[in-house]
Amino acid sequence: MKEKSFYDKVIDVVKAIPYGKITTYGAIAAYLGNKRSSRMVGWVLNRQKNNSNIPAHRVVNRNGLLTGKFHFQGSNLMQELLENEGIEVKNNQIVKMERYFWNPEL
DNA sequence: TTTCTGACAACAA
DNA sequence: ATTGTTGCCAGAA
């Protein structure tokens, strides 16, 4: 059995994030077995980013802060994408991300 | 091959 | 509570 690399698992999880929902780097990392690998999550997205249909805008840090915003094309493209899905964003931060949070384990 | 770095988060002081 | 260091995995130089 070929086990997917951490790298591939991240892609799989992020692509599974439902519309109108968001998750965090830590949640994905924890789901993969080690929450300290949260760093890798962002790293993977950075490599794939537009390369695949990965909704990277639905992934934020544990504060709900749009840390990856500066990696998107526009200045506020990430925020617009989120707002487009009904997610309220204020000052680069998701408002009450708790109600939008999606746990990959579910 | 060794070393550094990276969309973060936890831990130590 | 705040600041600095460590951990994680893979890729680039």
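Before reading further, recall that the structure is shown in the block above.
So, how was this worked out
- Residues numbered from 1 in each chain as written.
- Chains lettered and ligands numbered in written order.
- Predicted model: local features only at pLDDT ≥ 70, side-chain atom pairs only at ≥ 80, totals over all residues.
- Heavy atoms only, no water.
- Helix = DSSP H or I, 4+ residues; strand = E, 2+ residues; numbered from the N terminus.
- Rg over C-alpha atoms; globule rule 2.2 N^0.38 Å.
- Contact = heavy atoms within 4.5 Å.
- Areas by Shrake-Rupley, 256 points an atom, 1.4 Å probe, with all protein chains shown as cover.
- Near = heavy atom within 4 Å.
- Polar contact = N/O pair within 3.5 Å; in protein donor to acceptor, adjacent residues only side chain to side chain.
- Nonpolar A, V, L, I, M, F, W, Y, C, P; charged D, E, K, R; others polar.
- Salt bridge = Lys/Arg side-chain N within 4 Å of Asp/Glu carboxyl O.
- Buried < 20%, exposed > 50% of the residue type's maximum accessible area, 1.4 Å probe, protein only.

Of the regular secondary structure elements, chain A holds four helices and four strands. Secondary structure elements of chain A occur, N-terminal to C-terminal, as α-β-α-α-β-α-β-β. The C-alpha atoms of chain A give 13 Å as radius of gyration, which agrees with the globular expectation for 106 residues (13 Å, within 12%). Dimensions of chain A, computed from C-alpha atoms along their principal axes, come out at roughly 45 × 25 × 20 Å. Sequence-distant contacts, at least 24 apart, represent 62% of the contacts inside chain A between residues at least 6 apart. Surface exposure of chain A reaches about 6,700 Å², of which carbon and sulfur atoms provide 46%.

In this section: the protein's contact with DNA strand C. Neighbouring DNA strand C are the residues Ser5, Phe6, Asn34, Arg36, Ser38, Arg39, Met40, Trp43 and Arg47. Put simply, 53% of the atoms of DNA strand C that lie within 4 Å of the protein are in sugar or phosphate. Separating a base oxygen of DNA strand C from a side-chain N or O atom of arginine 39 is a distance of 3.2 Å. Across the surface near DNA strand C, the residue classes tally to three nonpolar, three polar and three charged.

A few words on the protein's contact with DNA strand B. The local shell around DNA strand B holds 16 residues, among which Ser38, Leu45, Ala56, Arg62 and His71 are the closest. The sugar-phosphate share of atoms of DNA strand B within 4 Å of the protein amounts to 55%. Serine 38 is positioned such that a nitrogen or oxygen atom in its side chain is 2.7 Å from a base oxygen of DNA strand B. Secondary-structure elements contributing two or more residues to the surface near DNA strand B are helix H2 (25-31) and helix H3 (38-48). In the surface near DNA strand B, the residues fall into six nonpolar, seven polar and three charged.

Excluding glycine, a negative phi dihedral is what most residues carry, and trans is how most peptide bonds are arranged. Positive phi, normally seen in glycine, also occurs at asparagine 91, with a value near 55°. Relative to the elements of secondary structure, asparagine 91 occurs in the loop between strand S3 (89-90) and strand S4 (93-94). Even without a glycine there, the phi angle at asparagine 92 is positive, about 60°. Within the secondary structure, asparagine 92 sits in the loop between S3 and S4.

One pass over the full model with this rule turns up two salt bridges. Measuring nitrogen to oxygen at the nearest pair gives 3.4 Å for the salt bridge that ties glutamate 88 to arginine 99. Of this pair, glutamate 88 sits in the loop between helix H4 (77-84) and S3 while arginine 99 sits in the segment after S4, and the two are eleven residues apart along the sequence. For glutamate 88, a relative accessible area of 42% puts it in the partly exposed group. Exposure remark for arginine 99: the relative accessible area of 47% places this residue in the partly exposed category.

Geometric values such as these leave the question of function open.
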